[in-house]
Structures are given as C-alpha cells and as structure tokens.
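# Summary of the model geometry
The residues making up each chain are set out below.
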Amino acid sequence: LPTDVYAYYVVVTPGEKMSAILGHAAVRMSCPSQGLDYCFTIKTPEIKDEAIDMLFGRLRIGVVPEETEMFRQDYIKDGRGITEYRLNLTLDETRQLWQMLDEQVARGLYMNLDYVNNSCTQVSFENIYELLRVRSGMNIDQVIREAIPVKTRREAVLNYFDQSTWWGFLLHSCYSFYPDEEVSPRRLVVMPQDAAKVLMKNR
C-alpha cells in the first residue's frame, strides 16, 4: 500500500445562503504517488424551497468525494475562503480514515441535514473523533473540553452568532431542538472552526 497518504480537515468561510451561514467543513485525503486528491464533503440534491426544507428536516445528505481542485474552485468563485489543517494521524489511522469515508460514500443519502446533529462539521469530525477516541494515551473528550469551554450547544453557537438576529433565531429555535441541554463533549463540536481548534491541539 502507498505510504504517502495524507489527511486534512478543511474549513470554508460562511456564505450568503441559508444553508451556508455556519460555513462548511470537509475532509481532504490525498495520495500523490497514485494521483488521488479528494475532498469528502456532504451534498444534497437540488433544493426546491431552502427555508421550508431545512426547517422540516427534508434535506437528505450524504458524503461525496470531489476532486480537491474542483471543490476549491466552487467556493473561491463565491468569494469564500478555505483553510486546510494537516491532521496529525499515523499512517494506519490515515488509511483507516480513508476507508471509513469510502464506506460513508457507499451509503448514499443516508441522513437528514441538521445544523447541530448531522451538519458538515458533525459528519466531517465523526470519523476523526472515533480514531482519536481509541488512541492510547489520549483523552479526546478532555481535548474538546479545553478547546471549547462550554456546556451546551447554544453556548457553542453563540460564540459566533447573535441570537437576536433573524439568522440567530432560526438557528437556535428551529435547528437545535434541545440547545440548552448539557451534552457529551463530542456533541459540542458544531462549528467548523471549533473542530479545527480541537484537531490542532492534537499536534
């Protein structure tokens, strides 16, 4: 198997559409010797009525591999910034991550879009979390607590959004369901930037 296999966590700045107000997250996997370079990102079929579809959880999403250059250009043409964070994974962990992402791709549109449960951040972070959770000598939950010092998902989002705005009202009242309940550290990673903070502590 190739040994030049690399993984990156990708953060895209927020956009103007309702579905893009939190920004975007994806996982980039590359293997230069084999000419492979993809961003694994969540996608949904064409949206007919964005507000209604999102409010009622009708947007079905799945993980799709896009060639990295195409992925970048789609956001650059919209004026959105992109930052990539190289993941500090072992070769075996990186190979496992790629396999886990391929398995998600094979499942098709297997979940409904939900900003705090099945968002791009949640989906992108999930597999990486599972790898780090079983790593010997590491407590990933403690790393999350240090990087995101909050107890509820509402607090996590309020670091970035004013709840008094229209967007803030929709986000907190409609998408969070039970935003004020205390949840496990894993469930507090709802913002693309926060996931990056957690992963960059693993250096």
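Residues numbered from 1 in each chain as written. Predicted model: local features only at pLDDT ≥ 70, side-chain atom pairs only at ≥ 80, totals over all residues. Heavy atoms only, no water.

## A closer look at the side chain of Arg-80
Of note, Arg-80 is situated in the loop between helix H2 (68-76) and strand E5 (82-86). Buried charged residue Arg-80 carries no salt bridge. Nearest counter-charge: Asp-78, at 5.4 Å. The residues contacting Arg-80, other than those within four sequence positions of it, are Val-12, Thr-13, Pro-14, Gly-15, Ala-20, Gly-23, His-24 and Tyr-75. (Helix = DSSP H or I, 4+ residues; strand = E, 2+ residues; numbered from the N terminus. Buried < 20%, exposed > 50% of the residue type's maximum accessible area, 1.4 Å probe, protein only. Lys, Arg positive; Asp, Glu negative; His and termini not counted. Salt bridge = Lys/Arg side-chain N within 4 Å of Asp/Glu carboxyl O. Contact = heavy atoms within 4.5 Å.)

## Let's talk about the packing of aromatic side chains
Here a ring pair, both rings aromatic, is described through the centre-centre distance and the interplanar angle of the planes. Inspection of every chain in the model, using the stated rule, returns two aromatic pairs. Relative to Tyr-129, the ring of Phe-125 has its centre 6.0 Å away and its plane inclined at 45°; by these criteria the two rings are tilted. Here Tyr-129 and Phe-125 lie together in helix H4 (residues 120-133), a separation of four residues that amounts to about one turn. Accessibility assignment for this pair places Phe-125 and Tyr-129 in one class, buried. Above the ring of Tyr-8, the side-chain terminus of Arg-28 is found at 4.7 Å from the ring centroid. Taking the ring centre of Tyr-110 as reference, the NZ or CZ of Arg-107 above it sits at 4.0 Å. (Phe/Tyr/Trp six-rings, centres within 6.5 Å; stacked < 30°, edge-to-face > 60°. Lys NZ or Arg CZ within 6 Å of the ring centre and 35° of its normal.)

## Quick word on the side chain of Gln-122
Considering the arrangement of structural elements, one finds Gln-122 in helix H4. Exposure remark for Gln-122: the relative accessible area of 2% places this residue in the buried category. A distance of 2.8 Å separates a polar atom in the side chain of Gln-122 from the backbone oxygen of Val-189. (Polar contact = N/O pair within 3.5 Å; in protein donor to acceptor, adjacent residues only side chain to side chain.)

## As for the packing of H4 against helix H5 (residues 140-147)
Remark: H4 packs on H5, axes separated minimally by 9 Å, with the N-to-C direction vectors making an angle of 125°. With respect to H5, the axis of H4 lies oblique. Contact residues: Phe-125, Tyr-129, Leu-132 and Arg-133 in H4; Ile-140, Asp-141 and Ile-144 in H5. Looking at side-chain class alone, the contact of H4 with H5 contains five nonpolar, no polar and two charged residues. (Axes fitted to C-alpha atoms, helices over the stretch in contact; angles between N-to-C directions. Parallel < 35°, antiparallel > 145°, perpendicular 65-115°, else oblique. Nonpolar A, V, L, I, M, F, W, Y, C, P; charged D, E, K, R; others polar.)

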